[in-house]
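# Reading the structure
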Amino acid sequence: MSKVLVPLANGFEEIEAINIIDVLRRAKIEVLVASLNENSAVKGAHGVTVLSDMQIKDVDVDNLDMIVLPGGWGGTLALCDDETVQNILKIMDKKGKNIGAICAAPLALERAGVLKHNYTCYPTIEEQIRKDGFDETKMVVQDGNIMTSRGPATAICFALQIVKKLKGESVYKDVKGGLLADFCE
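One structure accompanies this document, and this report is about it. (Residues numbered from 1 in each chain as written. Predicted model: local features only at pLDDT ≥ 70, side-chain atom pairs only at ≥ 80, totals over all residues. Heavy atoms only, no water.)

## Let's talk about the state of the cysteines
All chains considered together, the criterion is met by one disulfide. One disulfide bridge connects Cys 157 with Cys 184, the sulfur atoms lying 2.0 Å from each other. Because the sign of the S-S torsion sets the handedness, a value of about -80° for the bond joining Cys 157 and Cys 184 places this disulfide among the left-handed ones. Placement of Cys 157 in helix 6 (residues 155–167) and of Cys 184 in the segment after helix 7 (169–179) is noted, with a sequence separation of 27 residues between them. Assigned by exposure class, Cys 157 and Cys 184 land together as buried. The structure places no disulfide on Cys 80, whose sulfur is separated from the nearest cysteine sulfur, that of Cys 121, by 12 Å. (Disulfide = S-S within 2.5 Å. Helix = DSSP H or I, 4+ residues; strand = E, 2+ residues; numbered from the N terminus. Buried < 20%, exposed > 50% of the residue type's maximum accessible area, 1.4 Å probe, protein only.)

See the structure below:
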């Protein structure tokens, strides 16, 4: 069974995090939701609190197939500053493992030095990353082992692309059909 880590920091974007967790679990992908500290209750940018499964310090990187970072400005800044998250990103990239980020979170990939040339993100965040390689036209951009997406409205399509990458076309089509997500590429 594929295993994906979704680290949550206070100020995360709820639509993105919940869509990613939900869609991946529908595809029978094990999702580990990790808080950055000992507080298992993590409060999102719009007041929704999510209970984590574990603390980021207890994650075994060798058992992960992918890490996916939800956006939200406060959450993204915390992911940028968290030494454990940054180290996990570097280790996973060095091993060629899959890494995903949506909305503002590609900034955390850039800080870790793992963001590849082609990417997308929430409009204006590219100004803090770099304009070269930024694609504002696609919902999801894949470059090597890095997958990025634009924001809340693209979260389902982003999660479906993760399903396709980890579980294949057949599972992708089944989950996509069940969600009535015909608008996803």
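## Some words on helix 6
If you check helix 6, its first and last C-alpha atoms are 18 Å apart, about what 13 residues at 1.5 Å a residue would give, namely 18 Å. Of the residues making up helix 6, those classed as buried are Ala 155, Cys 157, Phe 158, Ala 159, Leu 160, Gln 161, Ile 162, Val 163 and Leu 166. Looking one or two residues past helix 6, Gly 168 carries a phi angle of roughly 95°, positive in sign. (Expected span 1.5 Å × (residues − 1).)

## Points about the pairing of strand 6 (residues 66–69)
Along strand 6, one buried face is formed by Met 66 and Val 68 and the opposite face, lined by Ile 67 and Leu 69, is buried too. Note: strand 1 (residues 3–8) against strand 6, two bridges, orientation parallel. Across the sheet, the residue bridging to Leu 5 is Ile 67, located in strand 6. Two elements, strand 6 and strand 7 (residues 98–102), share four bridges in a ladder whose sense is parallel. Within strand 7, the position partnered with Val 68 by the bridge is Gly 100. (Pairing = 2+ DSSP bridges.)

## Quick notes on the pattern of salt bridges
Applying the stated criterion to the full structure yields nine salt bridges. Between Lys 138 and Asp 135 there is a salt bridge, with its nearest N and O atoms 4.0 Å apart. Linking Lys 164 and Glu 169 is a salt bridge whose minimum nitrogen-to-oxygen distance equals 3.8 Å. (Salt bridge = Lys/Arg side-chain N within 4 Å of Asp/Glu carboxyl O.)

## A few points about the sheet that holds strand 6
Spatial ordering of the open sheet is given by 5-2-1-6-7-9-8, a layout of seven strands whose pairing is mixed. Strands at the two margins of the open sheet, each flanked by one partner only, are strand 5 (54–55) and strand 8 (140–143).

## Here's the deal with the packing of helix 6 against helix 7
Contact pair helix 6 / helix 7: the axes reach a minimum separation of 7 Å and the direction vectors enclose 155°. Between helix 6 and helix 7, the angle is such that the two are roughly antiparallel. The element helix 6 and its partner helix 7 pack so that their crossing is right-handed. Taking contact as the criterion, the partners of Ile 156, Leu 160, Gln 161, Val 163, Lys 164 and Lys 167 in helix 6 are, on helix 7, Glu 169, Val 171, Tyr 172, Val 175, Lys 176 and Leu 179. Residue composition of the contact of helix 6 with helix 7, grouped by class: seven nonpolar, one polar and four charged. (Axes fitted to C-alpha atoms, helices over the stretch in contact; angles between N-to-C directions. Parallel < 35°, antiparallel > 145°, perpendicular 65-115°, else oblique. Left-handed = near helix turned anticlockwise from the far one by under 90°. Contact = heavy atoms within 4.5 Å. Nonpolar A, V, L, I, M, F, W, Y, C, P; charged D, E, K, R; others polar.)

## Re the packing of aromatic side chains
Going through the model one piece at a time under the given rule, you end up with one aromatic pair. Seen in terms of ring centroids, Tyr 119 and Phe 134 are 5.6 Å apart; in terms of plane orientation they differ by 50°. Their pairing is tilted. Here the residue Tyr 119 occupies a position in the loop between helix 4 (106–112) and helix 5 (126–129), and Phe 134 occupies one in the loop between helix 5 and strand 8, the gap between them amounting to 15 residues. Classification of Tyr 119 by relative accessible area gives buried; the value is 0%. Above the plane of the ring of Tyr 172 lies Lys 164, whose end atom (NZ or CZ) is 4.3 Å from the centre. (Phe/Tyr/Trp six-rings, centres within 6.5 Å; stacked < 30°, edge-to-face > 60°. Lys NZ or Arg CZ within 6 Å of the ring centre and 35° of its normal.)

## Structural notes on the environment of Ser 170
Its place among the elements puts Ser 170 in helix 7. Since its relative accessible area comes to 52%, Ser 170 is described here as exposed. Along the backbone, Ser 170 and Ile 15 are 155 residues apart, and their C-alpha atoms lie at a distance of 25 Å.

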